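# Working through the structure, step by step
Below, each chain spelled out in residue letters.
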Amino acid sequence: VIDALARANAYVSVSLDSPDAQVLKQVRGGARLNVILKNIHKLAKAYSKYGSDFSRVCIGAAVQQRTLPLLKDLLLLAESLTIHDVRFFPRQNNGLHFPLGKGGEKILLNQLKKIHDISEAKKIKVRIVSKLWPEMTDNKPPYNFPCLRPWNYCFVGWDGHIGFCDFLIGPGWETQAV
């Protein structure tokens, strides 16, 4: 799969919510940071081998209370992997953003300042992603499976650029795509 992506010079978004192995394991149901990092290195090597553009690889991170304090470190990890595009997806429940809790607004603003400063210094594009149609988050058919929410997400970059995510890969997408 890695060679096929590289040969196709594909755009790839790697889900990586935290640079901390334990936090990642908790928020991603057992995900293993070492395996993800190993595969990113393989992907970079394959892109180089086929003369593909590794700038087409980005990190997508679901932002939630447990990952919020680590977002600045995620940017530093992205830089170390030569990935210069990071997209933050604020986690939502029933269409509502996660509660910040006591003192949360101050923590959020502090993190955003750090993220901004790091992104400027390291030349990393940072984008905030939001759902366009909250009703598509229902746990009812046809939206009750992962990664098939065509044109459901919109991102806005700090530089003002706007784009859309078109997730069309996931279990059963061949039979459930519209």
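Use the structure listed above.
Figured I'd write up the structure that's included with this text. What you are looking at is a predicted structure, and each value in this text was computed from that prediction instead of being measured.

## Observations regarding the overall build of the protein chain
Counting secondary structure elements, the protein chain contains six helices and eight strands. The N-to-C order of helical and strand elements in the protein chain reads α-β-α-α-β-α-β-β-β-α-β-β-β-α. Expressed as a percentage of the 178 residues in the protein chain, the buried residues total 37%. As displayed, the protein chain offers around 10,700 Å² of accessible surface, 57% of which is attributable to carbon and sulfur atoms.

## Side note on the packing of aromatic side chains
With the rule as written, the count across this model stands at one aromatic pair. Where Tyr47 meets Phe54, the ring centres are 5.8 Å apart and the plane angle is 80°; that geometry is what we call edge-to-face.

## Examining unusual backbone geometry
In this structure, Thr82 takes a positive phi of about 55° despite not being glycine. For Thr82, the location among the structural elements is in the loop between helix H4 (71–80) and strand E3 (85–90). The phi angle at Lys123 is positive, at roughly 60°, despite the residue not being glycine.

## Side note on the pattern of salt bridges
As enumerated under the stated definition, the model contains six salt bridges in all. With a closest N to O distance of 2.9 Å, Asp85 and Arg87 form a salt bridge. On the basis of relative accessibility, which here comes to 8%, the residue Asp85 falls in the buried class. Classification of Arg87 by relative accessible area gives buried; the value is 17%. One salt bridge in this structure joins Lys113 and Asp117, with 2.8 Å as the shortest N-O distance. Here Asp117 and Lys113 lie together in helix H5 (residues 104–122), a separation of four residues that amounts to about one turn. Via salt bridges that share partners, Asp85, Arg87 and Arg127 belong to a single interconnected network.

So, how was this worked out
Residues numbered from 1 in each chain as written. Predicted model: local features only at pLDDT ≥ 70, side-chain atom pairs only at ≥ 80, totals over all residues. Heavy atoms only, no water. Helix = DSSP H or I, 4+ residues; strand = E, 2+ residues; numbered from the N terminus. Buried < 20%, exposed > 50% of the residue type's maximum accessible area, 1.4 Å probe, protein only. Areas by Shrake-Rupley, 256 points an atom, 1.4 Å probe, with all protein chains shown as cover. Phe/Tyr/Trp six-rings, centres within 6.5 Å; stacked < 30°, edge-to-face > 60°. Salt bridge = Lys/Arg side-chain N within 4 Å of Asp/Glu carboxyl O.

So far we have only geometry, and geometry alone does not tell us how the molecule works.
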